[in-house]
Amino acid sequence: MLEVRNLHAKIGDKEILKGIDLTIKEGETHAIMGPNGSGKSTLSAVLVGNPMFEVTDGTAIFNGKDLLEMKPEDRANEGIFLSFQYPVEIPGVSMTNFMRTAINEKRKYQGLEPMSAADFIKLMKEKRQVVELDARLSQRSVNEGFSGGEKKRNEIFQMAMLEPKLAILDETDSGLDVDALRIVAEGVNKLKSPHNSTIVITHYDRLLDIIRPDVIHVLYKGRIVKTAGPDLAKEIEARGYDWIKEEIGEK
Ligand SMILES: Nc1ncnc2c1ncn2[C@@H]1O[C@H](COP(=O)(O)OP(=O)(O)OP(=O)(O)O)[C@@H](O)[C@H]1O
Ligand SMILES: [Mg+2]
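The residue numbering used here restarts from 1 in each chain and proceeds along that chain's sequence as written. A letter from A marks each chain and a number from 1 marks each ligand, given out in the order of writing. Only residues with pLDDT of at least 70 are given local features in this predicted model, and only at 80 or more are side-chain atom pairs given and counted; all residues enter the totals for whole chains, interfaces and linings. Derived side-chain values reflect all non-hydrogen atoms in the structure, with water molecules and hydrogen atoms excluded from consideration.

**Some thoughts on the UniProt feature "domain: ABC transporter" (unreviewed entry) in the chain**
This is how the line gets drawn: UniProt positions are given in the numbering used here, feature names are shortened, and annotations may be inferred rather than shown by experiment. In this text, helices come from DSSP runs of H or I with a minimum length of four residues, and strands from runs of E with a minimum of two, each type numbered from the N-terminal end.
The positions UniProt marks with the feature "domain: ABC transporter" (unreviewed entry) are residues 2-246. From the first C-alpha to the last, residues 2-246 spans 30 Å; its make-up is 38% helix and 29% strand.

Right, here's the structure in full:
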């Protein structure tokens, strides 16, 4: 699915990613943890092609294609989806229109006809249920005036609509109340299949208790310094990151 090798990226003169290696196979869920400012959001931004960051070295191959050569919209059309740590508001554009445009753009890329209005409405209804999204929210402008939790839930709804091959969820859990956290995490699980993959970026093991990743990576100062099984999240919750810094000889 995704093969990242020696990825380096900078913003201005500041190097943020300093040689990331990451292999994600079809059907796998990986979690990325790590202290604030270690480069987690930067990695997700670079993978989806955010032009703020400049890739200075390394490769990223997505289903056999050179990701770094692709325009951001083509990366989305190829099936990469990023749920933002801070979802943006788009005043004046209704959720319904936004989703219809996104879906039909993708269908066009795949050489398919636009979806009929009836099918689209049916799909919206079906996918809203995945995250128990209030129907009224889809009448409103994208994220405008949504509460923090509603925005996060809406991100997973968008993911459900677009059925990505690789979903990257950047701190989808932050700001969610306990019930919403469970609904969103279970929504992510419902969308799992042997043919898609997920990267979950989070600080806490409570989301991972429900999502159960196959692998957990720790990103620190722009590098993946540790990779282990799901128990690593518990260890980090209990012990913080200092012991990992010691392991890599930083302390
Ligand atoms: N637009 C920017 N301009 C300058 N520096 C930036 C910019 N975006 C990110 N950085 C810097 O890059 C580093 C990594 O940031 P990033 O957002 O990737 O961290 P993170 O691991 O996602 O942290 P958090 O856990 O707090 O979300 C930080 O030092 C940050 O200040
Ligand atoms: Mg971040």
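Moving on from the coordinates now.
**Observations regarding the packing of helix H3 (residues 95-109) against helix H4 (residues 117-130)**
Relative placement of two packed helices is described by the angle separating their axes and the distance separating the axes. Which entries qualify depends on this criterion: The axes used here are C-alpha line fits, helices contributing only the stretch in contact, and every angle between their N-to-C directions lies in the interval 0 to 180 degrees. Here the word oblique covers every angle except those under 35 degrees (roughly parallel), over 145 (roughly antiparallel) and from 65 to 115 (roughly perpendicular). Note on convention: the crossing is left-handed when the near helix lies turned anticlockwise from the far helix by less than a right angle, right-handed when the turn is clockwise. Note on definitions: a residue-residue contact is assigned when non-hydrogen atoms from the two residues lie within 4.5 Å.
At a minimum axis separation of 11 Å, H3 and H4 run at an interaxial angle of 110°. Relative to H4, H3 is oriented roughly perpendicular. In this structure, H3 meets H4 at a crossing whose hand is right-handed. Residues Thr-96, Met-99, Arg-100 and Ile-103 of H3 touch H4, and the partners they reach there are Phe-120, Leu-123 and Met-124.

**Comments concerning the sheet that holds strand E10 (residues 197-201)**
Note the cut-off: The pairing criterion for strands is at least two bridges between them, as found by DSSP.
Spatially, six strands are ordered E6-E9-E10-E3-E11-E12 in an open sheet, and the strand pairing comes out mixed. The open sheet has two free edges, formed respectively by strand E6 (80-83) and strand E12 (223-228), since each of these has just one partner strand. Taken over all neighbouring pairs, the strand axes of this sheet differ in orientation by 20° on average, direction set aside. Two elements, E6 and strand E9 (residues 166-170), share four bridges in a ladder whose sense is parallel. Bridge assignment links Ile-80 to a residue of E9, and that residue is Leu-166. Across the sheet, helix H8 (residues 231-239) is in contact with strand E3 (29-33), strand E11 (215-220) and E12; its angle to E11 comes to roughly 45°.

**What to know about the pairing of E10**
Operational definition: Partly exposed describes any residue whose relative accessible area lies between the buried limit of under 20% and the exposed limit of over 50%, with all areas from a 1.4 Å probe on protein chains only and scaled to the type maximum. Classification remark: right-handed applies to a crossover when, strands pointing away from the viewer, the course from the first strand over the helix to the second runs clockwise.
Judged by how many residues are buried, E10 sits mostly within the fold: five of five residues are covered. Alternating residues of E10 divide into Ser-197, Ile-199 and Ile-201 and Thr-198 and Val-200, and every residue in both groups is buried. As paired elements, E3 and E10 share four bridges and run parallel to each other. Residue pairing for E10: Thr-29 is matched across the bridge by Thr-198. Two elements, E9 and E10, share five bridges in a ladder whose sense is parallel. By the bridge assignment for E10, Leu-169 is matched with Val-200. Where the polypeptide runs from E9 across helix H6 (residues 178-190) and back to E10, its parallel neighbour, the crossover connection is right-handed.

**A short note on empty space enclosed by the protein**
For clarity, the threshold we go by: Only protein atoms enter the 1 Å grid used here, on which a cavity is any set of points holding a 1.4 Å probe that cannot leave and a pocket is any open set flanked by protein within 12 Å on both sides along at least five of seven lines; residues with an atom within 4 Å of a point are listed as lining. Grid points are joined across faces, edges and corners, and a volume is the space filled by probe spheres set on the points.
The full count for this structure, using the stated rule, is one cavity of 30 Å³ or more. The calculated volume of the largest cavity comes to roughly 30 Å³. Every residue along the wall of the largest cavity is listed here: Ile-32, Lys-40, Leu-43, Ser-44, Leu-47, Ile-168, Ile-199 and Ile-201. Mapped onto the lining of the largest cavity, the elements with two or more residues apiece are helix H1 (40-48) and E10. Sort the elements by how many residues they give to the lining of the largest cavity and H1 lands first, with four residues.

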